[in-house]
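Fold and geometry: a report
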Amino acid sequence: MSQPYRLPPERTPETARIDRGTTLAFTFNGESWRGHPGDTLASALLANGVAVVARSFKYHRPRGIFAAGSEEPNALVQLGAGAATVPNVAATRVELYEGLIAGSANCWPSVDFDLGAVADFASPLLPAGFYYKTFMAPSGAWRLYEYLIRRAAGIGRAPDGADPHTYDKANRHCDVLVIGAGPAGLAAALAAGRTGARVILADEQPAPGGRLLDERCEIDGAPAVRWSETAAAELESQPDTICLARTTAFGIYDHGFVGLIERRTDHDPGLPGPRQRLWRVRAKQIVLATGAIERPLVFADNDRPGAMLAGAVRTYVNRYAVAPGKQAVVFANNDDAYRTALDLRAAGVDVTAVIDVRSGPDGEWPTRAVAAGIPVFDSSAVVGVHGRSRVDGIAIRAFDGKTVTGESRQLECDLLAVSGGWNPAVHLYCHVGGKLRFDPELAAYLPDRTSAPVRVVGAAAGKFLLADCIADGAAAGLTAANDAGVRKKAVAVSARIEDVDERPQASIWEIPIPPGSRSKSFVDLADDVTAADLRLAAREGYVAAEHAKRYTTLGMGPDQGKTGNVAGLGILAAANGVALPSLGVTTFRPPYTPVTFGALAGRDVDALADPVRRTPMHRWHERSGAAFEDVGQWKRPHHYPRAGEGMEDAVGRECLAARRAVGLLDASTLGKIEAHGPDAAAFLDRIYCNDVADLRVGRCRYGLMLGEDGMVIDDGVIARLAEDRFHLTTTTGNAARIMGWLENWLQTEWPDMKVYLTSVTEHWAVASVCGPLARALVAELAPALDLSPAAFPHMSVREGTVAGIAARVFRVSFTGETGYEIAVPARFGLALWTTLVTAGERHGLTPYGTEAMHVLRAEKGYVIVGQETDGTSTPRDLGLGRMVSRRKDFLGRRSLTRADTAATGRKELVGLRTVDPKFVAPEGAHLVAKPADPPIEMLGHVTSSYRSANLGHGIALAMLRDGRRRIGETVYVAQPELSPGRWTPAEVTAPCFFDPEGRRIRD
Amino acid sequence: MLLIPCPWCGLRDESEFACGGEAHIARPKDPDALSDAAWADYLFMRANPKGWHRERWHHVHGCRRWFNVARHTVTHAILESYKVGEAPPDPDAPTAPAKRKRSARVKDSG
């Protein structure tokens, strides 16, 4: 038989959800296997008797499937291949499909023969925190160790290309969001939905039912799954209810905001549409019916393949018709696990015994087990597990809750079902600050209190009986709908259930290992954290839960310690001799289960990752072969290389043309704000550090804005178009921030001022013409404008017609040449540009990019805010102290007289000229007084540095301590990182290298 | 993600807003009258309470208006948003906020 562990049809319970009529072929670790629709990868592997599915993280021990849901710590597989591969998926969460390919994640060369397993035998060398202790010396060697450790410890492989899938996002509001479609969640959704509330019900599984899918129990006299099917059908028929299957709520955030991942095609990659969908739900009320997660007991070699959670065993038997073994032993501290023994027996599996750590269990389930002829060993514990790659027997001894005594007795088995009780799944509850309390009877943390609109019901609230779950869910669903404002009367949710009462479990976490044993007892299987590791952490002083977690990595694996965490805390508490709750708990944070980046990105990838802003002239730049650079979101031409030209050649040519003939720059990206209103002048007077109110209509002025701390935040040109109307420019990358800055002061500090601010950046396309022939060119295209220096002087603005287009012409310059910035409505930008290019041809017009612009302005010593300045530069530091008004208050003025801003010894803007004309200092290089071995006193740094084609040597701007006083001195540009270190002498100069009198600009 | 009541636009997602820090810090009328220490206090020192906090928010990707919000720094509950120039609500006087009809209100979601 191809699936030797599949239950025969006559032994298959009614609850089974596999389709035996169809067979699916899949590949695991290169071998072909068969399963059925309805299987998970885990259940299909178990059906085929594949015991070892993974190697453990640290010791590379063989590991088998341990759980049946998203809590699985062992069976992490690499799913698919190539660019579509997904690492670290729990096999228990992978629905089987035809042609599925998966492999074990953490082994080499194969899962059955893994060379890394030497780590298990070398484990005395790898205690908790070993990397903190072992690899700290010699200094620098860590890099080598890190490389080796990462190779040894890696889990999974990243895809080898861009993700070929698409992902979607959906946004929804609802009255009640119910998370978990088990009995409590279904009851909550029904109760809320019947009131007419907008309900969303989400569950990880492909079908609703939760634990009802896994158990042999009855509701209203029929198998419980029938009840869940009926409930789901009613919910589907409600017009305002959305049922989401295969959907995991991974995080709850403030104000009812919940993130959920719907896996749309993972169960059948052939389906059309996006692979996953991120639901961003804003819920007025949230009901958490997230169930509970079974926890293991900790004992010697409890990690062997074949050891499995008792509840998971029931899932495999009842839901997937798989017997995870031929001969079973159940080992537990509670009544619930006896159901596993009974269900296994009913499925025809030989149950050797139930080992119970309690004395004389007399609850209903133990009584039924005894009546069924299953031997029960009470006051006993498993003290050893035989078999390395599969359990083939166990040793048990008498156990009084603390110590083991007596002779050990051997029992044969190939399946060891383990239960240490159940932990309510309170993860999501904790995401929104929900506080927990420790319940000694359940030995578990339960939801206590929260200010968030969240209710926790059913097993997640520690209510484990089915009748309680349904009653609890129904009550919470109704009150949630009411609290969301929906008050319609509705038919109550009811169900007839005969529950079996359970006796308390024993608060036992660990069966001690005798000293000297080489066995390990694992607490966190995913991270290979043992009970001994936790005791070591306690001995070394890591007492608090959060500290011990970080030291031992308890709960830090892909499963986030869903099964082992509370047992770990219990062992840690015992090692410290304190009661468990006093240690605190570790913090649960989103995501509950791993979320692929693709789902978070959705469609916002590639071209949609960030918006691209293009100027109206962009097409011309493209056609002309411009090399672009990103400035904020803008694409700006950096330079326009001609055939055979490198960047340096092109920039040099563009710079020369602007100084000798005429250059043309696309300046459309400059931020532009129009300030309008009777108080506009007074408002701007408070904003800028220089005077604005006395600016005459038709004139422009260079303006500096300071923060209240006195530091320069932006610069630009202020043009007064009318008494009550100003046109301001900001640096390209700062436009939005400055708009917010102005609105902030206008709205919050001076709301009585009558000023309107309008962002007009995109409204105007701007062509900046400069050079000795600029006037001649503009005169040709604007015959009606009087361009004579007397009629249209530097720093003035005129409105007129240029190239037949109504334009604002600003006579300003960022190059030191006669310059005109011609602004036209954006839709005419390209027309203006092409007209200028055509008309400029006979004047030798050359378009230049941002790099030439930078060189030209640096030759003049003009600063760029954000390049010369770094948030610690005052106007005086930049040599612009004369701009600062003395006749008014303005933002930042008071700070300019604070002791430190007024002190000497601040860094000041200077120029640098190296003796070697070919040397171009690296930007950011430190300046020192003379060459020396580090550490050296740093006097300043280079802020801008270029090769100047016009001057024939390298030029640099720098911020230098007491810079203006040092003009004429020599400093050294330090490059100690080079081998040998280089120290290049440079003469400190005034920042302006070219036409210091400014004749050309005024001409 | 917070749900912030803009006094002009109603409840909107936090991603549309920028937080402007503590509210009700008036710019000194005569900065020259202040000592360096007093000016530094205005510049740099901000309250960091555990509890109700009045802070400025800017609906930067919406109506572009600045306004104030009373938010609880532990629960993130928002008591009320109110326009610039309006008096802040007193969380201990539950009837007080209702008097301001024009402001958007949200219930403490707890």
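Because the structure is a prediction, the values reported are computed rather than measured. (Residues numbered from 1 in each chain as written. Chains lettered and ligands numbered in written order. Predicted model: local features only at pLDDT ≥ 70, side-chain atom pairs only at ≥ 80, totals over all residues. Heavy atoms only, no water.)

**Looking at the interface of chain A and chain B**
Convention followed: By definition in these notes, contact holds between two residues if any of their heavy atoms fall within 4.5 Å. Summed over both partners, buried area is the accessible surface (1.4 Å probe) that two parts give up on being assembled. Just to be clear on terms, a salt bridge is a Lys or Arg side-chain nitrogen sitting within 4 Å of an Asp or Glu carboxyl oxygen. Polar contact criterion, stated in full: a pair of N or O atoms within 3.5 Å, where within protein one must be able to donate a hydrogen and the other to accept it, and residues adjacent in sequence count only if both atoms are side-chain atoms. Here a helix means four or more residues in a row that DSSP labels H or I, a strand means two or more in a row labelled E, and each is numbered from the N terminus. Under the grouping applied here, Gly and all other residues not named as nonpolar or charged are polar, the nonpolar ones being Ala, Val, Leu, Ile, Met, Phe, Trp, Tyr, Cys and Pro and the charged ones Asp, Glu, Lys and Arg.
On the side of chain B, 29 residues touch chain A, which itself brings 30 residues to the contact. Taking both sides of the interface into account, the surface hidden between chain A and chain B amounts to around 2,600 Å²; carbon and sulfur atoms contribute 46%. The interface formed by chain A and chain B includes six salt bridges. The residue B:Asp36 makes a salt bridge to A:Arg894 at a minimum N-O spacing of 2.8 Å. Where chain A meets chain B, there are 23 residue pairs in polar contact (both at pLDDT 80 or more). Of all the secondary structure elements, the ones that give two or more residues to the side of chain A that touches chain B are strand 15 (276-288) and helix 19 (735-749) of chain A. Top contributing element to the side of chain A that touches chain B by residue count: helix 19 of chain A, with eight residues. Residue composition of the side of chain A that touches chain B, grouped by class: ten nonpolar, nine polar and eleven charged.

**Comments concerning the sheet that holds strand 21 (residues 380-386) of chain A**
Residue and element names in this part refer to chain A. Put simply, the rule reads: A strand pair is defined by DSSP finding two or more bridges across the two strands. Lines are fitted to the C-alpha atoms to define the axes, a helix being fitted only along its stretch in contact, and any angle between axes, read from their N-to-C directions, falls within 0 to 180 degrees.
Spatial strand order, 21-22-23: three strands in an open sheet with antiparallel pairing. Among the strands making up the open sheet, the edge pair consists of strand 21 and strand 23 (404-411). Neighbouring strand axes in the sheet, compared pairwise and without regard to direction, differ in orientation by 25° on average. Pairing between strand 21 and strand 22 (residues 393-399): six bridges, direction antiparallel. Of the residues in strand 22, the one forming a bridge with His 386 is Gly 393.

**Details of helix 19 of chain A**
Residue and element names in this part refer to chain A. Under the convention used in this document: The span one expects for a helix is its residue count, reduced by one, times 1.5 Å. Only protein chains enter the accessibility calculation, which uses a 1.4 Å probe; a residue whose area is less than 20% of its type maximum is buried, one above 50% is exposed, and one in between is partly exposed.
Across its 15 residues, helix 19 extends 21 Å between first and last C-alpha, which sits within 8% of the 21 Å expected from 1.5 Å per residue. Counting buried residues in helix 19 gives eleven out of 15 residues, a clear majority hidden from the surface. By the burial criterion, the buried members of helix 19 are Ala 735, Ile 738, Met 739, Gly 740, Trp 741, Leu 742, Glu 743, Asn 744, Trp 745, Leu 746 and Gln 747.

**Regarding the packing of helix 5 (residues 183-194) of chain A against helix 11 (residues 466-483) of chain A**
Residue and element names in this part refer to chain A. Quick note on the threshold: Crossings are assigned a handedness: left-handed for a near helix turned anticlockwise from the far helix by less than a right angle, right-handed for a clockwise turn.
One way to put it is that helix 5 packs onto helix 11 with a least axis distance of 7 Å and a crossing angle of 35°. Where helix 5 crosses over helix 11, the handedness of that crossing is right-handed. Touching Pro 183, Ala 184, Ala 187, Ala 188, Ala 191 and Ala 192 of helix 5 are Leu 466, Cys 469, Ile 470, Gly 473, Ala 474, Gly 477, Leu 478 and Ala 481, all from helix 11. Counted by class, the contact of helix 5 with helix 11 contains twelve nonpolar, two polar and no charged residues.

**Let's talk about the pattern of salt bridges**
All names here are of chain A. Within this structure, the stated rule accounts for 67 salt bridges over all chains. With its nearest N and O atoms 3.5 Å apart, the salt bridge here joins Arg 226 to Glu 14. Remark: Glu 14 occurs in the segment before strand 1 (24-28) and Arg 226 occurs in helix 6 (residues 224-237); sequence separation between them is 212 residues. The exposure class of Glu 14 is exposed, given its relative accessible area of 58%.

**Side note on the environment of A:Asp254**
Among the structural elements, A:Asp254 can be located in the loop between strand 13 (247-252) and strand 14 (257-263). Separated by 464 residues in sequence, A:Asp254 and A:Ile718 place their C-alpha atoms 44 Å apart. Excluding residues that lie within four positions of it along the chain, A:Asp254 makes contacts with A:Arg282, B:Met1, B:Leu2 and B:His76.

**Here we look at the packing of aromatic side chains**
Given two aromatic rings, their pairing is described by the distance between the two centres and the angle made by the two planes. Applicable threshold: Aromatic rings from Phe, Tyr and Trp, taking only the six-membered ring of Trp, are treated as a pair when their centres fall within 6.5 Å; an angle between ring planes under 30 degrees marks them as stacked, one over 60 as edge-to-face, and anything in between as tilted. Throughout this description, the term charge over a ring refers to an Arg CZ or Lys NZ atom that lies within 6 Å of the ring centre and within 35 degrees of the ring normal.
Counting across every chain of the model gives 16 aromatic pairs over all chains. Judged by centre distance (3.9 Å) and plane angle (10°), the ring pair of A:Tyr542 and A:Tyr551 falls under stacked. Ring geometry for B:Trp39 against B:Tyr42: centres 4.9 Å apart, planes inclined by 50°, an arrangement best described as tilted. Of the two residues, B:Trp39 and B:Tyr42 are both situated in helix 1 (residues 36-44); the distance of three residues between them amounts to about one turn of the helix. Grouping residues by exposure puts B:Trp39 and B:Tyr42 together as buried. An aromatic cluster is built from A:Phe683, A:Trp741, A:Trp745 and A:Trp750, whose rings are joined through pairwise contacts. Geometry around A:Tyr592 places A:Lys562 over its ring, the cationic atom sitting 4.4 Å from the centre. Above the face of the B:Trp8 ring, B:Arg65 is positioned so that its terminal group lies 5.7 Å from the ring centre.

**Quick word on the sheet that holds strand 20 (residues 376-377) of chain A**
Residues and elements named next belong to chain A. Judged by pairing direction, the sheet is parallel, and its five strands sit side by side in the order 17-24-18-19-20 without closing on themselves. At either end of the open sheet lies a strand with only one pairing partner, and these are strand 17 (307-309) and strand 20. Looking at chain direction, strand 18 (residues 327-332) and strand 19 (residues 350-356) are connected through six bridges and run parallel. Along strand 19, the bridge assignment pairs Ala 332 with Asp 356. Here helix 8 (residues 338-346) sits on the sheet and contacts strand 18, strand 19, strand 20 and strand 24 (415-419); the angle it forms with strand 19, its principal contact strand, is near 175°.

**Comments concerning the state of the cysteines**
Residue and element names in this part refer to chain A. Formally: Whenever a pair of cysteine sulfur atoms sits within 2.5 Å, that pair is classed as a disulfide.
Following the criterion strictly, the structure yields zero disulfides over all chains and no others. Cys 469 supplies the cysteine sulfur nearest to Cys 217, a cysteine that is in no disulfide, at a spacing of 10 Å. Given the relative accessible area of 18%, Cys 217 is considered buried. The thiol of Cys 992 is unpaired, and the distance to the nearest cysteine sulfur, on Cys 655, comes to 15 Å. The exposure class of Cys 992 is partly exposed, given its relative accessible area of 24%.

**Considerations on the packing of helix 7 (residues 310-320) of chain A against helix 8 of chain A**
Residue and element names in this part refer to chain A. Here is the rule: Any angle that is under 35 degrees is reported as roughly parallel, and any over 145 degrees as roughly antiparallel; angles of 65 to 115 degrees are reported as roughly perpendicular and all others as oblique.
Where helix 7 contacts helix 8, the axes come no closer than 9 Å and their chain directions differ by 25°. Compared by their axis directions, helix 7 and helix 8 come out roughly parallel. Two packed elements cross with a definite hand, and for helix 7 against helix 8 that hand is left-handed. Between helix 7 and helix 8, the residues in contact are Ala 310, Gly 311, Val 313, Arg 314, Val 317 and Asn 318 and Arg 339, Thr 340, Asp 343 and Leu 344, respectively.

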